[in-house]
Amino acid sequence: MGSKQRHLDIVLAGLAVLGLAGCDSAPEQAQAGAPLQVSVLTLEAQELAVSEDLPARVAAVRSAEIRAQIGGIVQRRLFEQGAEIEAGAVLFQINPAPFKAEVDSAAAALQRAEATLARARVQAERLSPLVQAEAVSRQVYDDAVAQREQAAADVAQARATLARRKLDLQFASVEAPIAGRIDQALVSEGALVSPTDATPLARIQQIDQVYVDVRQSASRLEALRQQAGSAAPELNVDILGSDGKPLGMRGRILFSGIEVDAGTGDVLLRVLVDNPQRRLLPGLYVQARIPRAHYPAALSVPQQAVTRTAGQASVWVVDAQGQVQPVPIELGELVERHYRVVSGLSAGQQVVVEGIERLSPDAQVATRPWQPAANGERLSAAVR
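If you're wondering where the values come from, they're calculated on a predicted model, not measured in any experiment.

Definitions and cut-offs
- Residues numbered from 1 in each chain as written.
- Predicted model: local features only at pLDDT ≥ 70, side-chain atom pairs only at ≥ 80, totals over all residues.
- Heavy atoms only, no water.
- Helix = DSSP H or I, 4+ residues; strand = E, 2+ residues; numbered from the N terminus.
- Expected span 1.5 Å × (residues − 1).
- Buried < 20%, exposed > 50% of the residue type's maximum accessible area, 1.4 Å probe, protein only.
- Salt bridge = Lys/Arg side-chain N within 4 Å of Asp/Glu carboxyl O.
- Pairing = 2+ DSSP bridges.
- Core = buried A, V, L, I, M, F, W, Y, C linked by side-chain atoms within 4.5 Å.
- Phe/Tyr/Trp six-rings, centres within 6.5 Å; stacked < 30°, edge-to-face > 60°.
- Lys NZ or Arg CZ within 6 Å of the ring centre and 35° of its normal.
- 1 Å grid on protein atoms, 1.4 Å probe; cavity = no way out; pocket = protein on both sides within 12 Å on 5 of 7 lines; lining within 4 Å.
- Points joined across faces, edges and corners; volume = space filled by probe spheres on them.
- Nonpolar A, V, L, I, M, F, W, Y, C, P; charged D, E, K, R; others polar.

A closer look at helix α3 (residues 138–171)
Here comes step 1: Between its first and last C-alpha, α3 extends 50 Å over 34 residues, near the 50 Å set by a 1.5 Å rise per residue.
Here comes step 2: Residues of α3 that are buried: Tyr 141, Ala 144, Val 145, Ala 151, Val 155, Ala 158, Leu 162, Asp 168 and Phe 171.

Quick look at the structure:
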């Protein structure tokens, strides 16, 4: 009787152990059969513009050094430093008294030469009938004609001297050769100036339009030329601040006068920018967003969706049965954390963006739309 009881206890214990094992394996089997949760992006063809942000410097469209064309003492400065001035405005007044005296002297010399010419003409006209009547010798008449011609030359020389003296008097008022913004005065009232001075009186820079000079690899210049001549949208360059934030200003590339630096292989690419508010000042460091390419219908995938194995890029694609498969792709440029897909994918396919670390081929997945993180910062394009 005791042996039968012990045998019954052993059987019941075994059944209990088997029951507990079944209870533990049931959740594992249920968990193993559940589809994996992933976030997916449905590919759509969209217009894509590829650009690159490059450092640049601002330069004035025109710049002029104000210099004295005569020697003298500066009496007055007739402009506000840093002001906008018009072409022809008087900037400095050099003491005009010596030049006025020279003008008066040249005018008197001209009057004397004209009087001499008048007398020589009268003398030649008086001798003309006499020489025909042989009342005077031919030599006397020829001398009178020569004196008349010499007197006419003296008048011409005196007129030229007077014009030069008037020009010197005009140069006493130093005028602006161009319109623009004038810097600080480099000389003060009372200074003695001359045309041979090394230091100018002031500098004027025209900045209603400015150049933005960008150093660009010469190997990419031809691609820019082709893009400018293609049917793509107008080739504009966006100007950014030194911090990379857009300034709301655009310019156009000037392809003329480009020379390759033999040492670096770069070219100085000039961008002409309208600057009506004078926000861009000469010498200012900025950035220029240079267009690289334009694709009217391009597919792109988030950077985090791309995996690489032995240098081969691939993404996980969800098929119609809800299973995932790795698909090798060829990548292009990286723009705003998205790779342009050159080949390997087509519009309408679903690409896994989040949850790829748990995937294996033919795994069953449950999808939800991928929501990108809010990020307004634009990243420069780079070819990968």
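With respect to the pattern of salt bridges
As a working rule, side chains carrying opposite charge can pair if their charged atoms are close by.
Here comes step 1: A complete count under the given rule lists 15 salt bridges for this structure.
Here comes step 2: Across the pair Asp 53 and Arg 289 runs a salt bridge, and its minimum N-O distance is 2.8 Å. Taken together, the residues Asp 53 in strand β2 (residues 46–66) and Arg 289 in strand β13 (residues 285–302) connect sequence positions 236 residues apart. Of the two residues, Asp 53 and Arg 289, both sit in the buried class.
Here comes step 3: The salt bridge involving Arg 138 is made with Asp 142; its shortest N-O contact spans 3.7 Å. Note that Arg 138 and Asp 142 are positioned in helix α3 at a spacing of four residues, about one turn of the helix.
Here comes step 4: Each of Glu 102, Arg 164, Arg 165 and Asp 168 takes part in a single network of salt bridges with overlapping partners.

Quick look at the sheet that holds strand β5 (residues 90–94)
Here comes step 1: The antiparallel open sheet is built from four strands, whose spatial order is β6-β5-β3-β8. In the strand order of this sheet, the two ends are held by β6 (173–175) and β8 (192–193), each with one partner.

Brief notes about the nonpolar core
Here comes step 1: The biggest cluster of nonpolar side chains holds 23 residues, and the ones touching the most others in it are Leu 91, Phe 92, Leu 201 and Ile 204.
Here comes step 2: Considering each element in turn, this core owes the most residues, three residues, to β5.

Focus: unusual backbone geometry
Here comes step 1: The backbone of Arg 278 sits at a positive phi, close to 60°, despite the residue not being glycine.
Here comes step 2: As for its position among the elements, Arg 278 is in the loop between β12 (266–274) and β13.
Here comes step 3: Here Arg 278 falls in the partly exposed class, since its relative accessible area comes to 23%.
Here comes step 4: In this model, Asp 362 sits at a positive phi of 70°, which is unusual for a non-glycine residue.
Here comes step 5: Mapping Asp 362 onto the fold places it in the loop between β19 (350–354) and β20 (365–369).

Here's the deal with the packing of aromatic side chains
Here comes step 1: What the rule picks out here adds up to one aromatic pair.
Here comes step 2: Geometrically, the ring pair formed by Phe 79 and Phe 92 is edge-to-face, given 5.3 Å between the ring centres and 80° between the ring planes. You can see Phe 79 sitting in the loop between β3 (72–77) and β4 (84–85) and its partner Phe 92 sitting in strand β5, a full 13 residues away along the chain. Take Phe 79 and Phe 92: they sit in the same class, and that class is buried.
Here comes step 3: The ring of Phe 79 has Arg 77 sitting right over it, with the charged end atom 5.5 Å from the ring centre.
Here comes step 4: In this structure, Arg 340 packs its charged tip against the face of Tyr 295, placed 4.0 Å from the ring centre.

Remarks on empty space enclosed by the protein
Here comes step 1: Taken as a whole and judged by the stated rule, the model has one cavity of 30 Å³ or more.
Here comes step 2: Taken as a whole, the largest cavity holds about 30 Å³ of empty space.
Here comes step 3: As for the largest cavity, its lining consists of Arg 67, Ala 68, Val 193, Ser 194, Asp 197, Thr 199 and Leu 201.
Here comes step 4: Residues of the lining of the largest cavity, tallied by class, amount to three nonpolar, two polar and two charged.

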